[in-house]
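# Structural characterization, general
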Amino acid sequence: MLLPRRVEEVVVAVPIPLYNKAVEALVKEGLFHVDEPPRDVKGGQFSRKYRSLYARINEKHSRLESYYKSLEMEPSTVEGLELRAGGWEEAFEEVQEKYRDVEKTFERGIQRLSVIEARIKEYEALRSVLELVKHVEADVREATRLSFIGYAIGYVAGEGVAPIIAREAEKHGIVAAVEETGDETAVVAVAGHPNNIRRFLASIRRLKWTPISIPEDLPGSPKEAYEAIVKEIERMQKEADAIVEELKPLKKELDEYYTFIHALLEVGRLLANTLFTKTMALFRGFVDRSDSKKLRSILEEALSGAYIVLSLGVKRAAERVPTKIDLPGFLKPFHSIVRMYGEPDPDEVVPTIFVAITFPLIFALMFPDMGHGLLVLLFTLWYFRGKKSDWKYILSILGAASMVTGFLAGEFFGTMVAKKVGLLKFWEQLGFEAPPLAQATFAVEEHLGGEVVRSLLFNTITIALWIAAFMLSLGTLLGVVDAFLKGDKIKAIFGKLPVFIFFFSATLPFLVIPDAAKAGHVIHEAIFNKGAGGVLQAIVFYGSIIGILWKLFLEPIGAALEGESFFHGFGEAFMEVYEMLLMALGNIPSFLRIMGLGLAHAGLMLGFTELYYAIANATSIPSPIAVASGWLVYAFGNLLVAGLEAIIAFAHSMRLHFYEYFSKFYSGQGRTFSPVRLPGVRIVITG
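Reading the values: the criteria
Residues numbered from 1 in each chain as written. Predicted model: local features only at pLDDT ≥ 70, side-chain atom pairs only at ≥ 80, totals over all residues. Heavy atoms only, no water. Helix = DSSP H or I, 4+ residues; strand = E, 2+ residues; numbered from the N terminus. Buried < 20%, exposed > 50% of the residue type's maximum accessible area, 1.4 Å probe, protein only. Phe/Tyr/Trp six-rings, centres within 6.5 Å; stacked < 30°, edge-to-face > 60°. Lys NZ or Arg CZ within 6 Å of the ring centre and 35° of its normal. 1 Å grid on protein atoms, 1.4 Å probe; cavity = no way out; pocket = protein on both sides within 12 Å on 5 of 7 lines; lining within 4 Å. Points joined across faces, edges and corners; volume = space filled by probe spheres on them. Nonpolar A, V, L, I, M, F, W, Y, C, P; charged D, E, K, R; others polar. Axes fitted to C-alpha atoms, helices over the stretch in contact; angles between N-to-C directions. Parallel < 35°, antiparallel > 145°, perpendicular 65-115°, else oblique. Left-handed = near helix turned anticlockwise from the far one by under 90°. Contact = heavy atoms within 4.5 Å. Pairing = 2+ DSSP bridges. Core = buried A, V, L, I, M, F, W, Y, C linked by side-chain atoms within 4.5 Å. Patch = residues over 30% accessible without salt bridge, like charges linked within 9 Å, V, L, I, M, F, W, Y side chains within 5 Å. Areas by Shrake-Rupley, 256 points an atom, 1.4 Å probe, with all protein chains shown as cover. Salt bridge = Lys/Arg side-chain N within 4 Å of Asp/Glu carboxyl O.

## A short note on unusual backbone geometry
A positive phi angle, near 55°, is found at S304, a position not held by glycine. As for its position among the elements, S304 is in the loop between α10 (292–303) and β11 (308–315). Residue classification places S304 among the exposed positions, given a relative accessible area of 64%. Despite not being glycine, K530 shows a phi value in the positive range, around 55°.

This is how it looks when you write it as structure tokens:
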């Protein structure tokens, strides 16, 4: 779970007459990761026929996936299918023939859909242009056809351009009208002698003049053309929807077709990476160490002993070795976040288990509201209804985590609704002056006094800095572990260990003292009293100094032991120490965004609460209309805050993990262990 599985590199040789049976056996079990075979085999060569077949299957696979994409559907496979054929090429041809009519129907439909969608995009672009002049009723096209007078209409970039247009128009002897749209553009209409119009347009080129031209098939009036375009877009959209509805009943057959092609694509990976001699076929690849005996028993059963398996050893840190990860089911979805950074190397710690803990925690601390967390959860379940998705699982966890922190912060669609449902009363009955995770705005709203405001503010700062200390210390420690796993002991001892010592020493007060102010005071004493004042002060001062000096003077020795120049190593070490100090000054405060976003979230809800009271109490006598209007604005504010804050909290959680955390230890340069396997289909080659 923390480390990738060890994989065994093997070369499998089988007699050519038994080649198809060997392929069937390997793809059936789904445990063999095929790789390019050794190229130094005398007389060995790839099969052009099979490589061509693999390319054709791959092209067909991509085309079918494009059908799903056009229909805004996810490709899906069907269980329990079987295909019997005399050879692999014959199997491919039989599948194509069986679903030829289905493919033709989809091809025609998708082509029609593509044409319509391209046309809609053209009309949408034209509509956005005419949006600026849709109130103009004059026939622009007729005006531009006059020989004795020129007419042009378009728009320019920038605000306050009217004086410039007026000056240039007067200079060139033409009439100009300007209407600023308020979005940093202005519509300009000019009339005059055609030659003067051309000179005028050349003079305002710096304003990024964009002419508005109306196609011949539309009315010449911008107003009429705009209305016609809107109607045409609606008509084409209905036509596109009708095509999609026409194709949806055939999805079951498309799924079957896709399943066969996907299965043949997996087979093709083996076919294209097989090396053939005059008598033997050779596969090279990897299996999990625990599946080594199973591989041999599968080949034994299928080939009756007519095979050779040459083991090239159990590998982890060697070049080109794929990474096989074994995670419990409840952790696997979070590996999608890790893979966004990159697949682990086979010789480094898999950070998924840590991400599964810290990512929801940080997100929820930035977004603490029971009601908003519930909205995220319900939206996720609705959006991914009927679908299995890692993101469905992840976002559901994030929504649930926000509900927990919202409960601890005393927020349910803000504090106003929380009061009405008794959440704040619950914490009062437990003896809390304010909920455990309440923001400083809570004390302001409840008029609890400056001391409570300060206490709540430092509480959130303490939590943020504890997370910073934990993740930075753990990240640099994992950097040491990874260096040892890669077999680079010199780098681990002389390069990575001093970084861990420095970060651990510098952040230790935040880890052990549950008060950011007191922890900061310890660090202040450690720096200015040179480690005097207590054990913690000594660790902070001397540990940080040891880490810096270790890195600065011992790393060059490590470089010299590896045959590099000591002075070159010293120069690199100096720059790395400088970078290490910058990271400490930048990374630790960066985690305060946890406090900042949580505070901003509470502040926004406080703002909408005050807006509600301002609207509801706008009249001296409470009015049902005023109260209803207040609630409407408050509901809109909740939806706005929930949507925007959820996205912002997710983005900042990603940043803290990718830049502040992963950068300390994780490379993400690995290749995924991807064994060939058949997706719910059985292929039997009878030839």
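Additional details are given in the paragraphs that follow.
## Concerning the packing of aromatic side chains
A ring pair, where both rings are aromatic, is described by two values, the distance of the centres and the angle of the planes. Taken as a whole and judged by the stated rule, the model has 38 aromatic pairs. The residue whose ring lies beneath R51 is F46, and the NZ or CZ to ring-centre distance is 3.8 Å. Taking NZ or CZ as reference, R454 lies 4.7 Å from the ring centre of F458, over its face.

## Some points on empty space enclosed by the protein
Evaluation of the coordinates by the stated rule reveals two cavities of 30 Å³ or more. Empty space within the largest cavity amounts to approximately 90 Å³. Listed by contribution, the elements that provide at least two residues to the lining of the largest cavity are α18 (450–485) and α23 (593–616). Residues of the lining of the largest cavity, tallied by class, amount to six nonpolar, two polar and no charged.

## With respect to the packing of helix α2 (residues 48–70) against helix α3 (residues 88–98)
The contact between α2 and α3 brings their axes to 10 Å, and the two run at 25°. Compared by their axis directions, α2 and α3 come out roughly parallel. Seen along the crossing, α2 lies across α3 with a hand that is left-handed. In contact with K49, Y50, L53, R56, I57 and K60 of α2, α3 contributes W88, E89, F92, E93 and Q96.

## Quick notes on the pairing of strand β4 (residues 81–85)
With burial as the criterion, only one face of β4 is covered, namely that bearing L81, L83 and A85; the residues E82 and R84 on the opposite face remain uncovered. Note: β4 against strand β12 (residues 681–685), five bridges, orientation parallel. Bridging across to β12, R84 finds its partner in V684.

## Brief notes about the layout of surface pockets
If a probe the size of a water molecule is rolled over the atoms, the empty space left behind becomes visible. Of the volumes computed, that of the largest pocket is approximately 770 Å³. Surrounding the largest pocket, 20 residues form its lining, I325, K332, R339, D390 and R677 being those nearest its centre.

## As for the nonpolar core
Ranked by internal contacts, the top residues of the largest apolar core, which has 73 residues, are V23, F32, W88, L270 and F283. A per-element tally of this core places helix α9 (residues 251–272) first, with 11 residues. With residues near it in sequence (within four places) discarded, L270 still touches Y19, V23, L26, V27, F32, V34, F283 and V676. Of all hydrophobic cores here, the second largest spans 56 residues; its members include A469, I513, I594 and Y661.

## Details of a nonpolar patch on the surface
Taken together, the side chains of F574, M575, Y578, L582 and L585 make up a nonpolar region of the molecular surface, amounting to roughly 570 Å² of accessible area. Here L582 lies in helix α22 (residues 566–590).

## Examining the environment of F665
Mapped onto the elements of the fold, F665 is located in the loop between α24 (624–661) and β12. Distance in space between the C-alpha atoms of F665 and G475 is 5.9 Å, their sequence separation being 190 residues. Beyond its immediate sequence surroundings of up to four residues, F665 is in contact with E348, P351, G475, L478, G479 and D482.

## A short note on the pattern of salt bridges
With the rule as written, the count across this model stands at 25 salt bridges. Here D35 ties to R284 by a salt bridge, and the two come within 3.7 Å at their closest N and O atoms. Here D35 is found in strand β2 (residues 33–35), whereas its partner R284 is found in strand β10 (residues 280–288), with 249 residues between them in sequence. With its nearest N and O atoms 3.5 Å apart, the salt bridge here joins K248 to E245. Classification of K248 as partly exposed rests on a relative accessible area of 38%. Residue classification places E245 among the partly exposed positions, given a relative accessible area of 48%. One continuous salt-bridge network, built from bridges that share partners, spans E9, D35, R284 and R671.

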